[in-house]
Amino acid sequence: EAGFLPHFGPRGTHGHLSFYEDEAARQLGCDSVAFTYNDPVIFLEYAVDTAQACHEVGVRSVAVTAGYISEGAREVFFSEIDAANVDLKGFSESFYKSLCSAELAPVLETLVYLKHETEVWLEITTLLIPGENDSDAELSELSAWVVSNL
């Protein structure tokens, strides 16, 4: 039976941070710990340290992310992640610029990196917003890109 990991307060240290997640996951029989709700790249050091501590007790790590991460940080972050679910929010620069205040290219670069340069299990999620990212043309372009690049 899977367990739920509430946020625990500090106990001993691992590296420079305090952890409970690794031991709690092991004691509850969890196979993995997922970094979600807030994109884990914003707490990269904590996520990496936690993933390392979890690996030491046989627990895998999963990142749920928008994939918007720079090249240098990408390698550090995903070196300790076992699986990633990347939210490809749309497939046009205008969508990313107007609704995400971001750019599409870095997300695509992350997807290519994960697929071709790591052993990370990769899943892609695209939530459709009627009238914003759900046109037949955009979905066809997205699908064709995935087939060609991943």
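For the structure, see preceding data.
Caption draft 1: Representation of the environment of Gly58 in the model. For Gly58, the position within the fold is in the loop between α2 (44-56) and β4 (60-65). Of the residues examined, Gly58 reaches a relative accessible area of 61% and is grouped as exposed. For Gly58 and Ser32, which are 26 residues apart along the polypeptide, the C-alpha to C-alpha distance reads 8.7 Å.

Caption draft 2: Spotlight on the nonpolar core. By size, the foremost hydrophobic cluster in this structure holds 27 residues, and its most contacted members are Phe77, Phe78 and Leu88. Among the elements that make up this core, the one with the highest residue count is helix α5 (residues 105-117) (five residues). Once residues within four sequence positions are removed from consideration, Leu88 is found in contact with Tyr96, Leu104, Val107, Leu108, Leu111, Ile124, Thr125, Thr126 and Leu142.

Caption draft 3: How the structure looks around the sheet that holds β4. On the basis of which strands lie adjacent, the open sheet formed by four strands has the order β3-β4-β5-β6 and parallel pairing. Edge positions in the open sheet fall to β3 (32-35) and β6 (121-125), since each of these has one partner strand only. This sheet shows a mean twist of 15 degrees between the axes of neighbouring strands, independent of strand direction. Judged from the four bridges that link them, β3 and β4 form a sheet pairing that is parallel. In the strand pairing of β4, Phe35 is matched with Ala63.

Caption draft 4: Summary view of the packing of aromatic side chains. Under the criterion given, the structure shown has five aromatic pairs. Judged by centre distance (6.1 Å) and plane angle (65 degrees), the ring pair of Phe43 and Tyr46 falls under edge-to-face. Note on Phe43: relative accessible area 24%, which makes it partly exposed. Here Phe77 and Phe78 contribute two aromatic rings whose centre-to-centre distance is 4.8 Å and whose plane-to-plane angle is 80 degrees, an arrangement assigned as edge-to-face. Each member of the pair, Phe77 together with Phe78, is buried. These aromatic residues form a ring-pair network of at least three members: Phe35, Phe43 and Tyr46.

Caption draft 5: A look at the pattern of salt bridges. A full pass over the atoms with the stated rule returns two salt bridges. With a shortest N-O distance of 3.9 Å, Arg74 and Glu109 are connected by a salt bridge. One end of the pair, Arg74, is in helix α3 (residues 71-78); the other, Glu109, is in helix α5, and 35 residues separate them in sequence. The exposure class assigned to Arg74 is buried, which follows from its relative accessible area of 6%. Here Asp87 and Lys89 are joined by a salt bridge, their closest N and O atoms 2.7 Å apart.

Cut-offs and rules
Residues numbered from 1 in each chain as written. Predicted model: local features only at pLDDT ≥ 70, side-chain atom pairs only at ≥ 80, totals over all residues. Heavy atoms only, no water. Helix = DSSP H or I, 4+ residues; strand = E, 2+ residues; numbered from the N terminus. Buried < 20%, exposed > 50% of the residue type's maximum accessible area, 1.4 Å probe, protein only. Core = buried A, V, L, I, M, F, W, Y, C linked by side-chain atoms within 4.5 Å. Contact = heavy atoms within 4.5 Å. Pairing = 2+ DSSP bridges. Axes fitted to C-alpha atoms, helices over the stretch in contact; angles between N-to-C directions. Phe/Tyr/Trp six-rings, centres within 6.5 Å; stacked < 30°, edge-to-face > 60°. Salt bridge = Lys/Arg side-chain N within 4 Å of Asp/Glu carboxyl O.

Keep in mind these values describe shape, not function.
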